[in-house]
Amino acid sequence: MFVLGTAGHVEHGKSSLVKALTNIDPDRLPEEKAREMTVDLGFADLILPSGNHVSIVDVPGHEKFIKNMLSGVGSIDLALLIVAADESVMPQTIEHLSILDTLKIPNSIVVITKCDLVDEEIIAVVKEEIIETIQSTSIKNSPIISVSSVTLDGLDALKTQIDSMLISSEPPINFKIPRLPIDRCFTISGFGTVVTGTLIDGPLRISQEIEIANTGVRGRIRGLQSHSEKVEITQPGVRLAVNLSGISKSEINRGDILTIPNTLQSTKIVDVQLTISKMSPQTIKHNQGITFHAFTSECNARVRILNASNLSQDETGACQILLQEPLTLVKGDSYIIRSSEYTLGGGIILDPHPKRRHKRFDDSILNHFLSLESGDDKDVIIESINKVGNISFADLCKSTNLTNQLCIENLTSLIEDNSVIQIRNTIDSALAEEEIRQDGIFFSSTSWNMIKNSCYAILSNHHELFPLRPGMRSQELRNRLELKQSTFTGFIAKLTGELSLLEIQNYIKLPDHNPVLDSKSLETAKSYLAELTIGDYSPSTEYKIENEILEYLIFARKIIRVSESILYPVEILDKMNSILINYLTVNDTITVAEARTLFESSRKYMLPYLEYLDQQQITIRTGDYRSLRKN
Ligand SMILES: Nc1nc2c(ncn2[C@@H]2O[C@H](COP(=O)(O)OP(=O)(O)OP(=O)(O)O)[C@@H](O)[C@H]2O)c(=O)[nH]1
Ligand SMILES: [Mg+2]
């Protein structure tokens, strides 16, 4: 699943192109329709020739709405930089290009629109200008495609190009903490609060508890929709509408991040690598005030340059950014900085939680920045785990390219500070520490929390749906969590070991789940038991009760299921067993006909009863005769 974003100068035909491609008008606000100009983000869905879906985010071109533009391009996979054939490259083309360049958007296509208005010669000139403009940027190798949204010329070629670029793109990693930078929040009557955004990093699922980072407000996911379809779980990289319970619209703003509780911390100071754009009209000075933009959020901030007194165009520096408001950021996030008029540059977050304000021009600090940029062995281990969620020791050595010894040393220290969680592949306790590591399956703290939270959400949903069941069958839980058997066994062993989960007879449950019959169900259960008891050795098979109550009684061993339709109260079955054992001690064998006489019952009951005894290993069958099993 990928997201495509438009970019380009005002009125160059971005929204018209989206409409021509998808039949959806992304300009949804009355103000936009009246002014024929995009003011805020617009959204549409496109089905490509391959059948793949992409979501489209359409941004405004007018410089007045640049903040809205910035909140739309933060998490796109492919940019369409739009240039109108009758105007060619204009100031907002340059500014948007500078933003795409700084954010290092992985794929882009330059689209020349309005080709119906000019002749071939002009298109060739516009193409030349575009090539010259993009040549020093990260999108210099982008294909350039000419189209008209009026005659529809070139649209098929554009779709094919989008398709081929996205098919060869890497799907996003999905074992980090899910983050949904919110770009819209509204209420739908009958449903309540809905937020939309592009999901990054990890999956979200229905009934999961969520938190709005920064404010700590919590709620639960009631529904998820992607491409106008309901889904139970979504992978990252998709446009998503999330229906929330327990949170009102007034508690959420654009720029907030929806995530899972107790995972992300907000920050007001970040260590960054900052590059001033080649297209920036200004250099920046130490301590300069700027606005800081990351995903859908923005705030005023100040830049401390640690290795220089100022940074000019195309220069990169080690900086600290002091944010005026707390934002939730993660290592590796991209950001943009702007003056009140221009985009100045941006870069990558190296450390979202530095301990303090750093001294300037200090060699040890600058070396620390260099190691943050390149990443040490521990970072490499965490990255490798996060790519797959959990990993065996052998696979970890392979994917990190580290020796066994280095892997063991780093893992031991990562486990000590809870950055890595190990579960055991086997339950052999007589191992040395080194052997224990080699026997391990490793999670990062984030992938561990993810899977643990998914497990809790699945169970709590199951308990809510089936309050009388003892829990979820362990194999069903394993399938839902999509874990290998050995990983699942270790995972459950660890959680049951710390009493976060309980396992009873192949059922897994949360510790506070205790099935009890309410007074009405209790009445039903009592009359049912009474009815079965009246039948003595031939209990009624006609009298039926709700399956959930029946299963509850069976699990509670009030009733024993002898076959699909024959059920005995436990006291009666115990009595029958002792009569039968006595009989067999005296007579050695019994047939179905003899059992019929013994219990004054019919074949309908006695055949399943004797089969049940074989199955319970009380009797053994030889032809028509059954005898007691030895021992
Ligand atoms: N002839 C012709 N006109 C076009 C074409 N594409 C767009 N237009 C016209 O150009 C004008 C601007 O188009 P929009 O699609 O609103 O441009 P935009 O880039 O979305 O504008 P903003 O969102 O405000 O930046 C409208 O009047 C469109 O009808 C085209 O391919 N050919
Ligand atoms: Mg528009």
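Up top is the structure these notes are about.
The structure displayed is predicted, hence computed values, not measured ones. (Residues numbered from 1 in each chain as written. Chains lettered and ligands numbered in written order. Predicted model: local features only at pLDDT ≥ 70, side-chain atom pairs only at ≥ 80, totals over all residues. Heavy atoms only, no water.)

Chemist: Please set out the site of ligand 1 residue by residue, giving values where relevant.
Modeler: Near ligand 1, the surroundings consist of 18 residues, among which Ser15, Ser16, Thr38, Asp116 and Ser149 are the closest. Backbone polar atom of Lys14 to an oxygen atom of ligand 1: 2.8 Å apart, as the coordinates give it. Contacts to ligand 1 include Gly61, whose backbone N or O atom sits 2.9 Å from an oxygen atom. When the free accessible area of ligand 1 is taken as 650 Å², the share hidden by the protein chains comes to 82%. A breakdown of the residues in the shell around ligand 1 according to their chemical character gives four nonpolar, nine polar and five charged. (Near = heavy atom within 4 Å. Polar contact = N/O pair within 3.5 Å; in protein donor to acceptor, adjacent residues only side chain to side chain. Areas by Shrake-Rupley, 256 points an atom, 1.4 Å probe, with all protein chains shown as cover. Nonpolar A, V, L, I, M, F, W, Y, C, P; charged D, E, K, R; others polar.)

Chemist: Report on the coordination of the magnesium ion (ligand 2), specifying residues and quantitative values.
Modeler: Coordination sphere of the magnesium ion (ligand 2), protein contribution only: Ser15 (OG) and Thr38 (OG1), at 1.9 to 2.0 Å. Separated by 23 residues along the polypeptide, Ser15 in helix α1 (residues 14-22) and Thr38 in the loop between α2 (30-35) and β2 (42-47) bring together distant segments of the chain. We classify Ser15 as buried; its relative accessible area is 13%. You can call Thr38 buried: its relative accessible area is 10%. (Donors = N, O, S within 2.8 Å, 3.2 Å for Na, K, Ca; no water. Helix = DSSP H or I, 4+ residues; strand = E, 2+ residues; numbered from the N terminus. Buried < 20%, exposed > 50% of the residue type's maximum accessible area, 1.4 Å probe, protein only.)

Chemist: Talk me through the packing of aromatic side chains; I want residue IDs and the actual numbers.
Modeler: Applying the stated criterion across every chain, the model contains eight aromatic pairs. A ring pair is formed by Tyr528 and Tyr543, whose centres lie 5.7 Å apart and whose planes are at 35°; its orientation type is tilted. Pair noted here: Tyr528 is in helix α15 (residues 519-534) and Tyr543 is in the loop between α15 and α16 (547-555), with a separation of 15 residues, a long-range link. Considering the side-chain rings of Tyr568 and Tyr609, the 6.5 Å spacing of their centres and the 65° angle between planes classify their relative orientation as edge-to-face. Of this pair, Tyr568 sits in strand β31 (residues 567-569) while Tyr609 sits in helix α19 (residues 603-615), and the two are 41 residues apart along the sequence. No difference in accessibility class separates Tyr568 from Tyr609, as the two residues are buried. Three or more aromatic residues link up through ring pairs in this structure, and these residues are Tyr537, Tyr568, Phe599 and Tyr609. Directly above the ring of Phe466 sits Arg469, whose terminal nitrogen or CZ lies 3.8 Å from the centroid. (Phe/Tyr/Trp six-rings, centres within 6.5 Å; stacked < 30°, edge-to-face > 60°. Lys NZ or Arg CZ within 6 Å of the ring centre and 35° of its normal.)

Chemist: Now, about the sheet that holds strand β22 (residues 334-338): what can you tell me, with residues and values included?
Modeler: What links the strands of a sheet is backbone hydrogen bonding, and the strands pair in either a parallel or an antiparallel sense. Spatial strand order, β16-β21-β19-β18-β22-β23: six strands in a closed barrel with antiparallel pairing. Each neighbouring strand pair of the sheet contributes to a mean axis angle of 40°, computed without reference to strand direction. Summarising the sheet, strand β19 (residues 297-305) and strand β21 (residues 316-327) pair through five bridges and their orientation is antiparallel. Across the sheet, the residue bridging to Ile305 is Cys319, located in β21. Contacts from helix α3 (residues 66-73) reach β18 (288-294), β19 and β22, with the element oriented near 170° to β22. Packed on one face of the sheet, helix α4 (residues 91-103) meets β22 and β23 (343-351) and runs near 145° to β22. (Pairing = 2+ DSSP bridges. Axes fitted to C-alpha atoms, helices over the stretch in contact; angles between N-to-C directions. Contact = heavy atoms within 4.5 Å.)

Purely spatial values, then, with no claim about function.
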